[in-house]
Amino acid sequence: MEQTDKAASVTATWWPGREPGPGPEPGVWRFSAVSHEASVPRTRHAVRDRLLAQGMAGERYQELVDDLLLIVSELVSNAVTHAAVLSPEVVCELAIAPDRVRISVVDGHPYRPKAQENDPARPGGRGLLLVKSVTLQAGGECDVERTEDGGKVIWASLPLPGPGAAGAGPEADPDDDPDY
């Protein structure tokens, strides 16, 4: 019964117009999944639920949460599509710090992908380019690194919105003169 009440309150805080809490609670969470396409929505939902449970609800965090969920979808999808042969499991890690959120996906395949150029004649291959674009637009950074066991970790780190972000109240324009 307690879990149902808690889950209901997390869902309710996501409704637009509700005031967000003081900020997300820091921590690190890992989500392991079988390298199968069904793991993409499952991992995305697990990350979404954790973001909301940690206080990233409301309008202030909506764009950041949307960006993070797109990034998770692309990275896990790439891992299960391209690394499943050598990596029967992928691990998604969510790390919330006081000023940033980092999403990383680890697989056991040694190949380090690079963002492909946008080529309409070529099907697929633009997931990492999309992740890079969304990350840079949000003021974050992303990279691909080798793991100690020869696999790779692909990560994106995005800044948390400041107090003047959407839903935190209107920002004053210094050129606006209320007496004019």
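These figures come from a predicted structure and were not determined experimentally.

## Details of the pattern of salt bridges
Opposite charge on two side chains permits them to pair, given that their charged atoms come into close proximity.
Next up, step 1: This model, assessed by the stated rule, comprises 3 salt bridges.
Next up, step 2: For R30, the salt bridge goes to E93, with nearest N and O atoms at 2.7 Å. A residue pair is termed long-range when its members are at least 10 positions apart, and R30 in strand β1 (residues 27-34) and E93 in strand β2 (residues 89-96) qualify at 63 residues.
Next up, step 3: Assessed through its relative accessible area of 59%, R30 is described here as exposed.
Next up, step 4: What makes E93 buried here is its relative accessible area of 18%.
Next up, step 5: The partner of R48 in a salt bridge is D49, with the nearest N and O atoms 2.9 Å apart.
Next up, step 6: With a relative accessible area of 31%, R48 lands in the partly exposed category.

## Some points on the environment of L130
Next up, step 1: As for its placement among the helices and strands, L130 is situated in helix α4 (residues 127-137).
Next up, step 2: With 56 residues separating them along the chain, L130 and E74 place their C-alpha atoms 8.2 Å apart.

## A word on the pairing of strand β4 (residues 141-146)
Next up, step 1: Sheet analysis places β4 next to strand β5 (residues 152-159), joined by 6 bridges and oriented antiparallel. In the strand pairing of β5, D143 is matched with W155.

## So, the confidence of the model for the protein chain
Next up, step 1: Looking at the protein chain as a whole, the pLDDT averages 78, with 71% of positions reaching at least 70.
Next up, step 2: Across the protein chain, the secondary-structure element scoring lowest on mean pLDDT is helix α1 (residues 2-13), at 30, and the one scoring highest is β5, at 96.
Next up, step 3: Contacts of residues 167-180 to residues separated by more than four positions or lying in other chains number 6 contacts, the stretch itself having pLDDT below 50.

## Focus on the packing of helix α2 (residues 39-53) against helix α3 (residues 59-82)
Next up, step 1: Running from N to C, α2 and α3 point in directions that differ by 150°, and their axes come no closer than 9 Å. Between α2 and α3, the angle falls in the class roughly antiparallel. For the element pair α2 and α3, the recorded crossing hand is right-handed. Note on element contacts: α3 touches α2 through V65, L68, L69, V72, S73, V76, S77 and V80, opposite S39, V40, T43, R44, V47, R48 and L51.

Conventions and cut-offs
- Residues numbered from 1 in each chain as written.
- Predicted model: local features only at pLDDT ≥ 70, side-chain atom pairs only at ≥ 80, totals over all residues.
- Heavy atoms only, no water.
- Salt bridge = Lys/Arg side-chain N within 4 Å of Asp/Glu carboxyl O.
- Helix = DSSP H or I, 4+ residues; strand = E, 2+ residues; numbered from the N terminus.
- Buried < 20%, exposed > 50% of the residue type's maximum accessible area, 1.4 Å probe, protein only.
- Pairing = 2+ DSSP bridges.
- pLDDT = per-residue confidence, 0-100.
- Contact = heavy atoms within 4.5 Å.
- Axes fitted to C-alpha atoms, helices over the stretch in contact; angles between N-to-C directions.
- Parallel < 35°, antiparallel > 145°, perpendicular 65-115°, else oblique.
- Left-handed = near helix turned anticlockwise from the far one by under 90°.

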